[in-house]
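What follows is each chain in one-letter form.
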Amino acid sequence: MTSGNSVVARNVHLLREQRGLSLAELARQAGLAKQTLSKLELGTGNPTVDTLFSIAGALGVPVTRLVAEREQVMTVQRGDDVVWERHDGYESRSLDHVYGSGVIENYLVRVSRSQGMDKPSDPHPVGTLEHLYVIRGRVRVGPADAPVELATGDFVRYPGDRPHVYESLDRESLLHIVVSVPRAQPGTGGLNVTHTHAHRRP
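Definitions and cut-offs
Residues numbered from 1 in each chain as written. Predicted model: local features only at pLDDT ≥ 70, side-chain atom pairs only at ≥ 80, totals over all residues. Heavy atoms only, no water. Helix = DSSP H or I, 4+ residues; strand = E, 2+ residues; numbered from the N terminus. Buried < 20%, exposed > 50% of the residue type's maximum accessible area, 1.4 Å probe, protein only. Contact = heavy atoms within 4.5 Å. Areas by Shrake-Rupley, 256 points an atom, 1.4 Å probe, with all protein chains shown as cover. pLDDT = per-residue confidence, 0-100. Pairing = 2+ DSSP bridges. Salt bridge = Lys/Arg side-chain N within 4 Å of Asp/Glu carboxyl O. Axes fitted to C-alpha atoms, helices over the stretch in contact; angles between N-to-C directions. Parallel < 35°, antiparallel > 145°, perpendicular 65-115°, else oblique. Left-handed = near helix turned anticlockwise from the far one by under 90°. Nonpolar A, V, L, I, M, F, W, Y, C, P; charged D, E, K, R; others polar.

## A look at the overall build of the protein chain
The secondary structure content of the protein chain amounts to five helices and 10 strands. Counting over 202 residues, the protein chain shows a buried share of 40%. Pairs at least 24 residues apart make up 72% of the contacts formed inside the protein chain by residues separated by at least 6 positions. When the accessible surface of the protein chain is totalled, it reaches about 11400 Å², and 50% of it is carbon and sulfur.

As structure tokens, this is what we get:
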């Protein structure tokens, strides 16, 4: 199994399970033979570009989600480095995009240095991403094994399905956090998820 094939195999399998799809159903939606998809998930297939685009389309994700290592999902955007786009009467700054279906939760979170962090926050459901923008203050946030320091105006996206931390480096920091939780059972109307930050401190 080549390293490239193993990455695609892991990503396709993970995304398929997140959406509650069987091999046969994903193959049908992608217009592929079940055997072709099975070999791909085992890492023994050699998918063409067209095959990858078909699978990505059926999963509702960009093709880059199939070929990139999951560790690369953490993205930092520094406030001093961004470009604001001019429009008629206003300017806008793009922070991030959310693909697929599921639950999108929005939070304003206040973190005080005095609160401290006894332990990292528990992981959310598999496939969850956290998109965090620093409104005010300096913080150390992200995966517990690789947190990043951010200041006012900075943005980060990181996996929320791993233990993660929120630590204020100032007296108090204010954060805007968007949590995207993938749909557990597509087509049923049931999302089978709980609020990730509700009724608890991060």
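## Quick word on the confidence of the model for the protein chain
Note that predicted coordinates carrying low pLDDT should not be read in detail. Looking at the protein chain, pLDDT values average 81 and 81% of them are 70 or higher. Between residues 185-194, whose pLDDT stays under 50, and residues either more than four places distant or in other chains, the model counts 13 contacts.

## Here we look at the environment of Ala144
Position of Ala144 among the secondary structure elements: in the loop between β6 (139-143) and β7 (148-150). Relative accessible area serves as the criterion here: at 34%, Ala144 is assigned to the partly exposed category. Along the chain, Ala144 and Arg162 lie 18 residues apart, while their C-alpha atoms are 7.8 Å from each other. Among residues more than four places away in sequence, those in contact with Ala144 are Pro120, Pro163, His164 and Val165.

## Description of the pairing of strand β10 (residues 172-182)
With nine of its 11 residues buried, β10 lies for the most part within the structure. With seven bridges connecting them, strand β5 (residues 129-136) and β10 associate as antiparallel partners. If you follow Arg136 over to β10, its bridge partner there is Leu174.

## Details of the pattern of salt bridges
All told, the structure shown has nine salt bridges when counted by the stated rule. When the shortest N-O distance is used, the salt bridge between Glu149 and Arg140 registers 2.7 Å. Residues Arg162 and Asp145 are paired through a salt bridge, measuring 3.0 Å at the closest nitrogen-oxygen approach. Taken together, the residues Arg162 in the loop between β8 (155-159) and β9 (164-168) and Asp145 in the loop between β6 and β7 connect sequence positions 17 residues apart. Put simply, Arg140, Glu149 and Glu167 are held in one network by salt bridges that share partners.

## Quick look at the packing of helix α2 (residues 23-30) against helix α4 (residues 49-59)
Across the interface, α2 lies against α4 with an axial gap of 8 Å and an inter-helix angle of 110°. Judged on the interaxial angle alone, α4 and α2 are roughly perpendicular. Crossing of α2 over α4 shows right-handed handedness. Contact residues: Leu26, Gln29 and Ala30 in α2; Ser54, Ile55, Ala58 and Leu59 in α4. Of the residues assigned to the contact of α2 with α4, the class counts are five nonpolar, two polar and no charged.

## With respect to the environment of Val8
On the secondary structure map, Val8 appears in helix α1 (residues 3-18). Given the relative accessible area of 6%, Val8 is considered buried. Taking the C-alpha atoms as reference points, Val8 and Arg65, 57 residues apart in sequence, are found 8.7 Å from one another.

## Observations regarding the pairing of β9
The buried fraction of β9 amounts to four of the five residues, a majority that puts the element mostly inside the structure. With five bridges connecting them, β6 and β9 associate as antiparallel partners. Opposite Val139, over in β9, you have Ser168 as the bridge partner.

## Brief notes about the packing of α2 against helix α3 (residues 34-42)
Relative orientation of the contacting elements α2 and α3 amounts to 115°, with a least axis distance of 9 Å. Relative to α3, the element α2 is oriented roughly perpendicular. In the packing of α2 onto α3, the handedness of the crossing is right-handed. Across from Leu23, Ala24, Leu26 and Ala27 in α2, the residues of α3 making contact are Lys34, Leu37, Ser38 and Glu41.

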